[in-house]
Amino acid sequence: MDVTLFQQTFDRTRQQMARVVVGQQELVDGLIVAAVARGHVLVEGAPGLGKTLVARAFAVASGCAFKRIQFTPDLMPSDITGSSVYSRETGAFTFMPGPIFAQLLLADEINRAPAKTQSALLEAMQDHQVTVDGTSRPLPGPFVVVATQNPVESQGTYPLPEAQLDRFLFKLTVGDPPAEVERTIVRHHADGFDPTDLSALQAVTSPQEILAMQRLAASVRVDDAVIAYLVELVRRTRDDKAIELGASPRASVALLKAAQVLAASEGRTFVTPDDVKPMIAAVLRHRVLLHPDAQLQGISADERIAEIVRAVPVPRLAA
Amino acid sequence: MTRGARLLAASLLAAGLASGAPARAAFEPDHAQADVDAAMREHDYPFCREPYEPLSPDARELCDHASAIPRCGGFAAACARAAPPSPSPPPWWALWLHVPAWLGALAQILVWLVVAALVGLVLVPILRGLLRLGSTPREAPREALRSLVEAAAPPPEEVATGDEEQLLTRAQELAARGELRASLQLYLAASLRALDKRGALRVARDRTNGEYVRACADEVARPALREIVREVDRVQFGGQDPTADAVSRAGGRAVAIVRAAPVALLLLAMLGGSLGCGGISLARSRRAGDDPAGGELALELLRRQGAVVMGLGSSLASLPLPSEGERAPAVVVDVETTSLDDDTREHLEAWVKAGGSLVLLGAPTSWPKELGASYVFAARPYRLTARRLLARAIPAGPDEPQTGDDDEESAIYARGSEHGELVAGNGLAVPPEGETVARFDDGTPYAFMLPHGRGFVLGVGSDELLTNAGIARPGNAAALVALLSNADRTELRFAGAEDGVSPPSSPISALLRAGLGLAVAHGAVFALLLFVSAGTRLTRPRPSAPVRRRAFSEHVEAVGALYARARAAPHALGAFARFADERLRARMPRGSADVATFLASRAKMPVDVCQRLWARAMKARLDGAVLGDELTVLRELCALYAAAMAQDK
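All values derive from a computational prediction rather than experimental measurement.

**Focus: the overall build of chain B**
Summing up its helical and strand segments, chain B has 25 helices and 11 strands in all. Across chain B, every contact between residues at least 6 apart in sequence was considered, and the portion connecting residues at least 24 apart equals 74%.

**Some remarks on the sheet that holds strand β9 (residues 170-174) of chain A**
All names here are of chain A. The strand order across the open sheet formed by five strands is β2-β5-β8-β1-β9, and the pairing between neighbours is parallel. Two strands lie at the open edges of the sheet, namely β2 (66-70) and β9, each paired on one side alone. For this sheet, the mean angle separating the axes of adjacent strands, direction not counted, is 20°. Two elements, β2 and strand β5 (residues 104-108), share five bridges in a ladder whose sense is parallel. Residue pairing for β5: Gln-70 is matched across the bridge by Asp-108. With respect to the sheet, helix α3 (residues 51-62) is in contact with β1 (41-45), β2, β5, β8 (144-149) and β9, its orientation differing from that of β5 by roughly 170°.

**Side note on the packing of helix α22 (residues 569-587) of chain B against helix α24 (residues 607-623) of chain B**
Residues and elements named next belong to chain B. It is at 8 Å that the axes of α22 and α24 come closest, and there the two elements cross at 115°. Accordingly, the angle class assigned to the pair α22 and α24 is roughly perpendicular. The two elements α22 and α24 cross, and the hand of that crossing is left-handed. Taking contact as the criterion, the partners of Pro-570, Leu-573, Gly-574, Ala-577 and Arg-578 in α22 are, on α24, Ala-617, Met-618, Ala-620 and Arg-621.

**A few points about the confidence of the model for chain A**
Should pLDDT be low for a region, the predicted coordinates there are not to be read in detail. When the pLDDT values of chain A are averaged, the result is 87; 98% of them are 70 or greater. Of all the helices and strands in chain A, helix α12 (residues 292-296) of chain A carries the lowest mean pLDDT, 79, while helix α10 (residues 249-265) of chain A carries the highest, 92.

**As for helix α15 (residues 296-304) of chain B**
All names here are of chain B. Along α15, the residues that are buried comprise Leu-297, Ala-298, Leu-299, Glu-300, Leu-301 and Leu-302. Residues of α15 that are buried in the fold lie against α2 (32-43), β1 (308-311), α17 (468-472), α18 (476-485) and β11 (491-494). Phi for Gly-306, located one or two positions after α15, is positive at around 95°.

**So, the environment of Arg14(A)**
Residues and elements named next belong to chain A. Mapped onto the secondary structure, Arg-14 falls in helix α1 (residues 3-17). Here the alpha-carbon distance between Arg-14 and Ala-61, two residues 47 residues apart in the chain, equals 8.7 Å. Beyond its immediate stretch of four places on either side in the chain, Arg-14 contacts Val-28, Asp-29 and Ile-32.

**A closer look at the confidence of the model for chain B**
Residues and elements named next belong to chain B. When pLDDT is averaged across chain B, the result is 78; 79% of the residues are at 70 or more. Mean pLDDT across the elements of chain B ranges from a minimum in helix α8 (residues 147-150), with 33, to a maximum in strand β2 (residues 330-334), with 91. Here residues 12-23 scores under 50 on pLDDT; set against residues more than four positions off or in separate chains, the count is three contacts. Here residues 401-407 is modelled with pLDDT under 50, and outside its nearest four sequence neighbours on either side it reaches five contacts, counting other chains as well. Scoring of the predicted complex yields 0.48 for pTM and 0.81 for ipTM.

**A word on the environment of Ala190(B)**
Residue and element names in this part refer to chain B. When you line up the elements, Ala-190 lands in helix α10 (residues 180-198). With 28 C-beta atoms counted inside 10 Å, the residue Ala-190 sits in the buried group. Sequence separation between Ala-190 and Gln-166 is 24 residues, and the spatial gap between their C-alpha atoms is 8.2 Å.

**Points about the pairing of strand β10 (residues 455-460) of chain B**
Residue and element names in this part refer to chain B. The element β10 is largely enclosed, with a buried count of six among its six residues. Where burial is concerned, the two faces of β10 agree: the one with Gly-455, Val-457 and Gly-459 and the one with Phe-456, Leu-458 and Val-460 are both buried. Here strand β9 (residues 445-452) pairs with β10 via six bridges, running antiparallel. Bridge pairing in β10 places Phe-448 opposite Gly-459. Hairpin geometry of β9 and β10 is characterised by an intervening segment of two residues between the two adjacent antiparallel strands and by a positive phi of about 65° at Gly-453.

**Examining the sheet that holds β1(B)**
Residues and elements named next belong to chain B. In space, the nine strands of this open sheet follow the order β1-β11-β2-β3-β10-β9-β8-β5-β6, with mixed pairing throughout. Both outer strands of the open sheet, β1 and β6 (411-421), are each paired with one neighbouring strand and no more. Sheet twist, expressed as the mean angle between neighbouring strand axes with direction ignored, is 20°. Running over the sheet, helix α16 (residues 342-353) touches β3 (357-361), β9 and β10 and is turned about 125° from β10.

**Points about the pairing of β3(B)**
Residue and element names in this part refer to chain B. Burial runs high along β3: five of the five residues are buried. Side chains Ser-357, Val-359 and Leu-361 of β3 all project onto a buried face; the interleaved residues Leu-358 and Leu-360 project onto the opposite face, where all are buried too. Pairing of β2 with β3, which is carried by four bridges, proceeds in the parallel orientation. Note on β3: the bridge partner recorded for Val-333 is Leu-360. Bridge analysis of β3 against β10 gives five bridges, and the strand direction is parallel. Following the sheet pairing, Ser-357 is matched in β10 by Phe-456.

Rules used throughout
- Residues numbered from 1 in each chain as written.
- Chains lettered and ligands numbered in written order.
- Predicted model: local features only at pLDDT ≥ 70, side-chain atom pairs only at ≥ 80, totals over all residues.
- Helix = DSSP H or I, 4+ residues; strand = E, 2+ residues; numbered from the N terminus.
- Contact = placed C-beta atoms within 7 Å.
- Pairing = 2+ DSSP bridges.
- Axes fitted to C-alpha atoms, helices over the stretch in contact; angles between N-to-C directions.
- Parallel < 35°, antiparallel > 145°, perpendicular 65-115°, else oblique.
- Left-handed = near helix turned anticlockwise from the far one by under 90°.
- pLDDT = per-residue confidence, 0-100.
- Buried ≥ 20, exposed ≤ 12 C-beta atoms within 10 Å, placed from the backbone.

Written as structure tokens, this is what we have:
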């Protein structure tokens, strides 16, 4: 695969998803970039904004196996990973794989499950494998977790621990669509669109192609100046007075990988600061912990990140 | 002194001055025509030979002089060309064509609509630009992710320094030397600088090249900028070496961007020129003295006559009042060109009263009302006879008795009179106190001299004698000289067109007077709205930092410092003694009354020490006298009290 084919595949996937997803372009692009960058996406938004539809549309368009888990307080880790079941016939334990054995896993309302259950995802997200009864079982590639959470309802929820949050490449926030987009959505439904029936979509790529795209993105050239730029951006989050806990080096790596995918999606074999900047907020917003005073003052992580971006000069060609 | 004696004194003074003066005195009508001819020869004023055309309305009024002036064929021909065509009967179809009145109103509305559309065409891009500054630029779907971080407002600008032309030149030099990387960077800098100057984008150090391209409001320049950026990115981040061809292409794009504005301006200027807006250079330019209604020849004549002729150089309303006995220069005001406002008229009247000499020319309706002059039209032909003043009586002082011999002549005139001819018979009705100094052949006064206070006014019915054509007519120069000799001054100050307006009292009144009141009001409302909108944003409540609570020890220290500053140490000692006294007595056994002994027993200290300290504290409590040991006693007493109270624990 070369960059041109990469760009074409990327565009084809986007266009295919756009057939059923109206608006939510950031979410669509973020999901594709995350899948190619071997990352996972945490989506925060109120119910009814099309989060599940986007995930399912991507699964269809990319030909990936799709599973969905509705996280509830009584969900057990084995409900996710699977467990060994005793078979009377054979007199032995047989492993019954859980829903995590998919290529696109939708973890709906992930913060409704307790930390123990959430942690069941940690190994899968990081190492792309699951260990049950002492046996590690690899997950099929590509493996993408799309977790959703509701920002409004806080009762009966278990906020994701920092370690878990750090595993997500992006945190994408989904807002209300503009009136024009909403009218189009309603018009689609009036014209007979059924969100549960995505038979109109066709697979325009394949898991193998996505794996190839992953390999190509990893080979996109990154100049030292760009690395210095993105590292400086991440490091500044650690020195910011309004931020109690800054982003980790894992954030720098995540930013790099996302920028590489974006550069390839533009048909380039090298990364520019222009590929880094659009990814910063999505990569960093869930990795920084605001100081309580800043939270009380109503300062958001996005605001602080934007301030940091403004303060860091973009590398220029030395004259 | 009688008026006759004053006249004699003035004559003697004039004779004395004349004897010490050069051979030729000022205002000699006999030499006037010769002076005019000499001036015409020397300066070759073109108003006669080749006047500026089309003739102005004022010049056309002077056309009757053209035939009477020698060698003035050009003026006569111009007059013939400027003569209005004889009214021809309306065409047959005009009789049948009736234009209803409402059509005019409709046309006016259409004109205003066009004006509004033009204003809208100008304002809409400006407003769009302003809105674009405050909002995220609309992006293509591919660039949707970029908005994730661009939602926040942009930072303050950091505009690159250096002129874009200089940058361009330097880039070309570097490219010629083979320093392609540096050259490429300078091409980009020059382009950004030019676009920033033009307002098409905003240069800031945190903006990426791609952001510049996307934010570029100049649709024409954007593709060129994208090309340059692509090349720069390829070299800087792609690790590729720049090629001469690519740099040359980028240079071409940069030149197109940098020089786009000047070229556009040039095109606009050419367009304007072709439409006649800026095509002044194509029209014939004006030359000095080419207007028959101009005043160059008259001024030259007066100079040659020995007068000191100057412009006024200040507002008539701010002329300093002459002091008693001062001979201020005469001020010449042509009300046809200098319109006088009420304040100016009032001041001029006061200035004349204080001893000034004022020459007023033109319609008397514009003169100060106090002069009481009005129009009278003479009968044709408008031949003129003017008297030349030789000497005028010195005005009586305010404390001199009036002798009743006012019937005597107040001035001495030359024996002969000067004759001229005008094309308009603008005569004047002379006020009762006035004295006619020039009249038409039918007896209608043309000019009069009016004493007013310590000064006087020389009123002249028109400014015709001050025009080039008017003065060039044979005989008129002598008439003008004779006329102006009545001003009794050889220094003349001519008021300019704007000198009749009194200076404004404030910048606001100046704007109002200039008719900009509505614009100022609109500006003020706009400023208020801007202030309110910006102020509203700035006054958004923000939580203030919580006030740090002071510890109790700090409070005690602060109170102590307050006592020290107030020199109230005895009061502090007394207060502590009262506090200790109350608490110790509450613990004393029934029947005992000696607090000091009780304190000593509780604190396990010598009784005499406790008694001494306690007595000192009680004394401070009673009289408050400053002895200087208060703080020491207070410290020791505190220690004793603390030790005594420790027994309770």
